[in-house]
Amino acid sequence: MTADDSFGRLDDDDYPAYTMGRAAEMLGTTQGFLRALGEHRLITPLRSAGGHRRYSRYQLRIAARAREIVDQGTPIEAACRIVILEDQLEEAQRINAEYRRAAESVNPTAAA
């Protein structure tokens, strides 16, 4: 990958740009917390060529939400499950909205 290719990834939410240390620092948490999220299968960091964990912005948002829930006193296992369910609900709502728009474009009177 050239430097020019790398700049194109700056806006990619799924690009694993952050090391574990930087991710923990950004979230105000520990590296152990990030490892625990991986153990509970909430996020699976990609690995660098040297085997180091790398996190994307999307994964950091998921980890930040889990941290909020844990900070409220919820055990980490339950927090991970809650975040997974929230993510699934959001995706289902997005798909439903797409189906509604598609149905309305085929039959505009059905929306009334």
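Placed above this text is the structure.
This report concerns the structure included in the present document. (Residues numbered from 1 in each chain as written. Predicted model: local features only at pLDDT ≥ 70, side-chain atom pairs only at ≥ 80, totals over all residues. Heavy atoms only, no water.)

For Arg-41, which is not glycine, the phi dihedral falls at a positive 60°. Relative to the elements of secondary structure, Arg-41 occurs in the loop between helix 3 (31-39) and strand 2 (46-47). On the basis of relative accessible area, Arg-41 is assigned to the exposed category, the value being 67%. (Helix = DSSP H or I, 4+ residues; strand = E, 2+ residues; numbered from the N terminus. Buried < 20%, exposed > 50% of the residue type's maximum accessible area, 1.4 Å probe, protein only.)

Right, let's get into the nonpolar core. Leu-34, Leu-37, Leu-42, Ile-43 and Tyr-55 are the most contacted members of the largest nonpolar core, which has 20 residues in total. With five residues, helix 4 (residues 57-71) is the largest single contributor of residues to this core. Sequence-distant contacts of Leu-42, that is, excluding residues within four places in its chain, are made with Leu-37, Ile-62, Ala-66, Cys-80, Val-83 and Ile-84. (Core = buried A, V, L, I, M, F, W, Y, C linked by side-chain atoms within 4.5 Å. Contact = heavy atoms within 4.5 Å.)

Moving on, we get to the sheet that holds strand 3 (residues 53-55). Strand order in the open sheet formed by three strands is 1-3-2, and the pairing between neighbours is antiparallel. The sheet terminates laterally at strand 1 (18-19) and strand 2, the two strands that pair on one side only. Bridging between strand 2 and strand 3 involves two bridges; their strand directions are antiparallel. Bridge pairing in strand 3 places Leu-46 opposite Arg-54. (Pairing = 2+ DSSP bridges.)

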